[in-house]
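A structural walkthrough
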Amino acid sequence: MMFTVWGILQLLSKYPGMVPDVDMMFDCMDKPIINRTEHQSFPAPLFRYCTNEDHLDIPFPDWSFWGWSETNLRPWEEEFRDIKKGSKRSSWDSKQPRAYWKGNPDVVSPIRMELMKCNHSRLWGAQIMRQNWAEEAKGGFEQSKLSNQCNHRYKIYAEGYAWSVSLKYIMSCGSMTLIISPEYEDFFSRGLLPKENYWPVSPTDLCRSIKFAVDWGNANPSDAERIGKRGQGYMESISMNRVYDYMFHLINEYSKLQRFKPVKPPSAKEVCAGSLMCFAEQKERELLERSRAVPSMDRPCKLPDADRDRLERLIQRKKQTIEDVRNMEMTKTERGSR
């Protein structure tokens, strides 16, 4: 909550006097709750970090863009620069020709528990490692630096309890990202395109699907490298300027739907940068200061006109590409069983 509120305060600092007054509710928990079927006629506008096709929750940038002290993550642009620099330490040919995942499976995540079974370099072409954050903290996070985890040609993204903030860091490596069919989307992942900036992996027969992706990439190294670089380029395009522009336009468009003038309730507590800092611990204060925004000399980017047909075509194209990859996997499996 602290870092999300800080992000909103920085938006107000970046575009002073431009952000309209709104009355909005924000849920800092992981899973969306505004069910599309139940609330279709009159959906309550609820902002959170992720959503999906079955829910109407409104996706908002997650707190880690401004830092996450518990996992030693710095503000987004700092972290991205270091990861990209780390990705250049070895060429594509010298990277390990396997898929890599390192994370915490103990978050009520069936897909991560299933993924742990795929830890066999020869059989499944995958190296799966358990992350113990308590132990990492004791060791000063030396073994969890993201810039040191770009040594494989393929990196796996697996959702946790819901969506995971790890996606942006995984894609920043420039490895071909293997995304295990996600149930949730955050504000930027909706723009990803299978076989263009990531490779879709099926949660059904997971290990075999990972092995197929690794084999395909090793048989088509130029294409695999290109997909990885496009993924990295996509994340580079998500600069903090664009994050703030998304926040601005989201709140601005939302304000146009309000049929009342927002009034500060008597019980409201005013929050400013100084008052928020009072609640922050030392490490949190350092991250907040490093992510402080300054007034922009430029206006927010121009929001393109809404085009529902174009969006629908994009969604159908993504579904078709994922289906094509599934068919490729099934064809290989059938040939192998003969």
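Residues numbered from 1 in each chain as written. Predicted model: local features only at pLDDT ≥ 70, side-chain atom pairs only at ≥ 80, totals over all residues. Heavy atoms only, no water.

Under the annotation held in an unreviewed UniProt entry, the protein chain carries the name Glycosyl transferase CAP10 domain-containing protein and is attributed to Brassica napus.

Considering the overall build of the protein chain
Basically, it comes down to this: By the criteria applied, helices consist of DSSP H or I runs no shorter than four residues and strands consist of E runs no shorter than two, each listed in order from the N terminus. We take the radius of gyration over the C-alpha atoms and set the globule estimate at 2.2 Å times the residue count to the 0.38 power. Contacts are residue-level and defined by heavy atoms, with any inter-residue pair within 4.5 Å sufficient. Areas reported as accessible are Shrake-Rupley estimates using a 1.4 Å probe. Residue values count occlusion only from the protein chains shown. For the purpose of charge, His is not counted, nor are the chain termini; Lys and Arg are scored as positive and Asp and Glu as negative. By convention, the point assigned to a charge is CZ for Arg, NZ for Lys, CD for Glu and CG for Asp.
The helix and strand inventory of the protein chain stands at 13 helices and eight strands. Relative to its length of 338 residues, the protein chain is compact, with a C-alpha radius of gyration of 21 Å against a globular reference of 20 Å. With respect to the three principal axes, the spread of C-alpha positions in the protein chain is 70 × 50 × 40 Å. Partitioning the contacts of the protein chain with sequence separation of at least 6, the portion at a separation of at least 24 is 69%. Put simply, the protein chain shows about 18400 Å² of open surface, and 53% of that area lies on carbon and sulfur atoms. One way to put it: in the protein chain the 51 positive side-chain charges average out to a point 4 Å from where the 46 negative ones average out.

Brief notes about helix H1 (residues 2-14)
How we decide: A helix is expected to span 1.5 Å multiplied by its residue count minus one.
The first and last C-alpha atoms of H1 sit 18 Å apart over 13 residues, in line with the 18 Å expected at 1.5 Å per residue. Summarising the contacts, the buried residues of H1 are in contact with strand E1 (25-26), helix H10 (240-257), helix H11 (273-279) and helix H12 (282-290).

Description of helix H3 (residues 76-87)
To be explicit about the condition: When a residue's accessible area, from a 1.4 Å probe over protein chains only, is under 20% of the maximum for its type it is buried; when over 50% it is exposed; and in between it is partly exposed.
If you check H3, its first and last C-alpha atoms are 16 Å apart, about what twelve residues at 1.5 Å a residue would give, namely 16 Å. Every buried residue of H3 is listed here: Trp-76, Glu-78, Glu-79, Phe-80, Ile-83, Gly-86 and Ser-87. Its buried side turned inward, H3 meets helix H7 (166-171), helix H9 (221-237), H10 and H12.

Details of the sheet that holds E1
Rules: A strand pair is defined by DSSP finding two or more bridges across the two strands.
With parallel pairing, the three strands of this open sheet are ordered in space as E1-E2-E3. Two strands close off the open sheet at either side, each with one partner strand: E1 and strand E3 (58-59). Where strand E2 (residues 46-48) and E3 come together, two bridges link them in parallel fashion. The residue bridging Arg-48 from the neighbouring strand is Pro-59, located in E3.

Things to note about the packing of H1 against H10
For clarity, the threshold we go by: Lines fitted to C-alpha atoms define the axes, with helix axes restricted to the stretch in contact, and inter-axis angles between N-to-C directions lie between 0 and 180 degrees. We call two directions roughly parallel when the angle between them is under 35 degrees, roughly antiparallel when it is over 145, roughly perpendicular when it lies between 65 and 115, and oblique otherwise. By the convention adopted, Pro, Cys, Tyr, Trp, Phe, Met, Ile, Leu, Val and Ala count as nonpolar, Lys, Arg, Asp and Glu as charged, and the other residues, Gly among them, as polar.
Following both chains from N to C, one finds H1 and H10 inclined at 90 degrees, their axes separated by 10 Å at the closest point. Between H1 and H10, the angle falls in the class roughly perpendicular. Seen from H1, the contacting residues are Gly-7, Ile-8, Gln-10, Leu-11 and Lys-14; seen from H10, they are Asn-241, Tyr-244, Met-247, Phe-248 and Ile-251. Along the lines of polarity and charge, the residues of the contact of H1 with H10 split into six nonpolar, three polar and one charged.

As for the side chain of Ser-64
What counts here: Polar contact is defined as a pair of N or O atoms within 3.5 Å, subject to the rule that within protein one atom must be able to donate a hydrogen and the other to accept it, and that residues adjacent in sequence are counted only when both atoms are side-chain atoms.
Looking at where Ser-64 falls in the secondary structure, it is placed in the loop between E3 and H3. Here Asp-62 takes part through its side chain, which lies 2.3 Å from a polar atom of the side chain of Ser-64. Those residues in contact with Ser-64, other than ones at most four positions away along the chain, are Arg-74, Trp-76, Val-165, Lys-168 and Tyr-169.

Regarding the state of the cysteines
Structurally, a disulfide amounts to a covalent bond that connects the sulfur atoms of two cysteines. Filter applied, for reference: Note on disulfides: each one is a pair of cysteine sulfur atoms within 2.5 Å.
Per the counting criterion, the structure on display carries two disulfides. There is a disulfide in this structure between Cys-118 and Cys-207, and the S-S distance comes to 2.1 Å. On the sign convention where negative means left-handed, the S-S torsion of about -85 degrees between Cys-118 and Cys-207 marks this disulfide as left-handed. On the criterion of sequence distance, the pair formed by Cys-118 in the loop between helix H4 (110-115) and helix H5 (121-124) and Cys-207 in helix H8 (residues 206-219) is long-range, its members being 89 residues apart. Shown here is the disulfide that connects Cys-150 with Cys-173, its sulfur atoms set 1.9 Å apart. Across the S-S bond of Cys-150 and Cys-173 the torsion is about -75 degrees, and the bridge reads as left-handed. Of this pair, Cys-150 sits in the loop between helix H6 (133-138) and strand E6 (152-157) while Cys-173 sits in the loop between H7 and strand E7 (176-180), and the two are 23 residues apart along the sequence. According to the relative accessible area criterion, Cys-150 is buried, its value standing at 1%. With a relative accessible area of 1%, Cys-173 lands in the buried category. Counting its disulfide-bonded cysteines in sequence order, the protein chain shows a connectivity of 1-4, 2-3. No disulfide involves Cys-272; its nearest neighbouring cysteine sulfur is the one of Cys-278, lying 8.0 Å away. The exposure class of Cys-278 is exposed, given its relative accessible area of 67%.

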